[in-house]
Amino acid sequence: ARWGQDRPRSGGVADNMKRKQTATDVAKGAVKMSSDVASLPIDPTAGSLVEKIAAELDRSKLRPVSTVGENMTPTVLVACGSYSPPTVLHTRIFETARDFFVESKDSVKIDIIGGYISPVHAAYGKKGLAPMDDRVEMVRRSLASSDWVSCDEWETKQNEWTRTRLSLDRMHVEVNKGNTSGKDIKVMLLCGADILDSMVTPGVWTESDLHLLLSHGIVCIKRSGSDPEKLINSNDLLYKYRQNIYLIREWVENNVSSTSVRRAVKRGMSIKYFVDDGVIDYINEKKLYLE
């Protein structure tokens, strides 16, 4: 089974999504407003793409659908998070995921034609968030050597945070613009195993969003110590969509986090090999994370 395969995590993303989805539920009156989201700008009307600000999608690294085999599904992976700063773990999970689909192409029939990292809006409100423009630039620098993953700044161009489902909906619209191949380009969320934990936590996600995300497919990278298979078996919603949850193990453990990088910078310690050299240069240039 697809969900029975082994896979890593995209450190720090779960808390990001939890805050965004919780704030959405608060706006709808679904849960009691807690102190960590009470100060966030909540826009209960921002529930559709029509009300969002348009932003150009970087298509420079997207592989043409014409290169995809007849029985294969062209697919784009999207990871959402704070990326303050982006670490080698954030970029490495894309390679791990693509390797899995290359190795499983005869059975899974998915061809990865591109990937995007989408930094979250400042309204996320998490401690340690660098300004949006700085995070976008650091993500771009961390992806400079990639020939298939790009930075998408659409979330940062909005007037408020954006629900993860809307970000993926918008990506689906954008990547399929001008697509005359007859094949719909599939968009799937790339995340860590901790995201599955958040999906079964009351008040974190709306049920309608979960149904849509899971029906489209989720690529979940797991690490040692996590047990997403057990979680899927114990939850009716996840079990219903188990064939759409691709669990992939990262066999080379990498636990570097943005929090540990920020702490090292503040203490004057080296962060080389934790983040891309271009990101190190930018952090030094802008004097980020010193306080």
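Residue numbers restart at each chain and count upward from 1, following the sequence in its written direction. Only residues with pLDDT of at least 70 are given local features in this predicted model, and only at 80 or more are side-chain atom pairs given and counted; all residues enter the totals for whole chains, interfaces and linings. Heavy atoms throughout the structure, all of them, feed into the side-chain values; hydrogens and water do not.

**Student:** For this particular structure, what's the right way to read the overall build of the protein chain?
**Tutor:** In this description a helix means any DSSP run of H or I spanning at least four residues, a strand means any run of E spanning at least two, and both kinds are numbered starting from the N terminus. Tallying secondary structure elements over the protein chain gives eleven helices and six strands in all. Each residue is assigned to one of three classes by its accessible area relative to the maximum for its type, calculated with a 1.4 Å probe on protein chains only: buried under 20%, partly exposed between the two thresholds, exposed over 50%. Burial statistics for the protein chain: of 291 residues in total, 54% are counted as buried. For the accessible areas, the method is Shrake-Rupley and the probe is 1.4 Å, while residue cover comes only from the protein chains on display. Only carbon and sulfur atoms are counted for the fraction: they give 49% of the accessible area of the protein chain, which is about 13,200 Å².

**Student:** How should the side chain of aspartate 134 be read in this particular structure?
**Tutor:** Counting through the fold element by element, aspartate 134 comes out in helix α4 (residues 132–142). Positive: Lys, Arg. Negative: Asp, Glu. His and the chain ends are not part of the count. Salt bridges are defined by distance alone: a side-chain nitrogen of Lys or Arg within 4 Å of a carboxyl oxygen of Asp or Glu. There is no salt bridge for the buried aspartate 134, and the closest opposite charge comes from lysine 286, which lies 4.9 Å off by N-O distance.

**Student:** Mind showing me how you'd approach a positive patch on the surface here?
**Tutor:** Patches were defined on residues exceeding 30% relative accessible area and lacking a salt bridge, with like-charge contacts within 9 Å and nonpolar side-chain contacts (Val, Leu, Ile, Met, Phe, Trp, Tyr) within 5 Å. For the purpose of locating charges, the reference atoms are NZ of Lys, CZ of Arg, CG of Asp and CD of Glu. A surface patch of positive charge is lined by Lys127, Arg263, Lys266 and Arg267. Take lysine 266: it is sitting in helix α10 (residues 258–266).

**Student:** Would you mind going over the packing of aromatic side chains with me for this structure?
**Tutor:** Only the six-membered ring of Trp is used, alongside the rings of Phe and Tyr, when aromatic pairs are assigned; centres must lie within 6.5 Å, and planes under 30 degrees apart are stacked while those over 60 apart are edge-to-face, with the rest tilted. Scanning the model with the defined rule gives four aromatic pairs in all. Taken together, the ring pairs connect Phe100, Phe101 and Tyr246 into an aromatic cluster. Cation over ring: arginine 242 sits above tyrosine 239, and NZ or CZ is 3.9 Å from the ring centre. Here the basic side chain of lysine 272 rests over the ring of tyrosine 273, its NZ or CZ set 5.2 Å away from the ring centre. For a ring to carry a charge above it, either NZ of a lysine or CZ of an arginine must fall within 6 Å of the ring centroid while also lying within 35 degrees of the normal to the ring plane.

**Student:** Even after reading the chapter, I still don't get the sheet that holds strand β1 (residues 73–81), so can you show me in this structure?
**Tutor:** In a beta sheet, neighbouring strands are held together by backbone hydrogen bonds and run either parallel or antiparallel to one another. One requirement defines pairing of two strands: DSSP has to find at least two bridges between them. Taking strand neighbours across the sheet as the criterion, the six strands line up as β3-β2-β1-β4-β5-β6 in an open arrangement whose pairing is parallel. Of all strands in the sheet, those with a lone pairing partner are β3 (149–151) and β6 (245–249), marking the two edges. The mean inter-strand angle of the sheet, taken between neighbouring strand axes irrespective of direction, is 25°. Sheet topology note: the strand β2 (residues 110–119)/β3 ladder contains three bridges and is parallel. Opposite isoleucine 117, over in β3, you have cysteine 151 as the bridge partner. The contact rule is simple, with two residues in contact once any of their heavy atoms fall within 4.5 Å. Orientation is described by lines fitted to C-alpha atoms, with helices fitted over the stretch in contact, and by angles between N-to-C directions that extend from 0 to 180 degrees. Contacting β2 and β3, α4 crosses the sheet at an angle of about 145° to β2. Sitting on the sheet, helix α5 (residues 164–175) is in contact with β1, β2 and β4 (186–192), with an inclination near 140° to β4.

**Student:** Sorry, what's going on with unusual backbone geometry here?
**Tutor:** One can expect most non-glycine residues to show negative phi and most peptide bonds to be in trans. That bond from serine 84 to proline 85 is cis: its omega, 0°, falls within 30 degrees of zero. Within the element layout of this structure, proline 85 appears in the loop between β1 and α2 (88–103). One non-glycine residue, lysine 287, lies in the positive phi region at around 55°. Even without a glycine there, the phi angle at tyrosine 289 is positive, about 65°.

**Student:** Explanation requested: the nonpolar core in the structure shown.
**Tutor:** General note: in soluble globular proteins, nonpolar side chains tend to be found buried as a group. Only buried residues count toward a nonpolar core. Its members are Ala, Val, Leu, Ile, Met, Phe, Trp, Tyr and Cys residues joined through side-chain atoms within 4.5 Å. The biggest cluster of nonpolar side chains holds 39 residues, and the ones touching the most others in it are Leu77, Phe94, Phe101, Leu190 and Val219. Tallying contributions element by element places α2 first for this core, with six residues. If sequence neighbours within four positions are ignored, leucine 77 has contacts with Phe94, Ala97, Ile112, Gly114, Gly115, Tyr116, Trp148, Met188, Leu190 and Val219. Among the nonpolar cores identified, the runner-up in size contains 35 residues, and Leu57, Met72, Val204 and Leu210 belong to it.

**Student:** Just checking my understanding: could you explain helix α7 (residues 207–216) for this structure?
**Tutor:** Residues three or four positions apart in an α-helix share a direction because the helix packs 3.6 residues into each turn. Among the residues of α7, those classed as buried are Asp209, Leu210, Leu213 and Leu214. Projection of α7 onto a plane perpendicular to its axis shows the buried side chains occupying an angular sector of 120°, all on one side. One or two steps after α7, the chain reaches glycine 217, where phi turns positive at roughly 110°. Here, the arc refers to the directions that run from the helix axis to the C-beta atoms.

Function-wise, these values are silent; they only describe arrangement.
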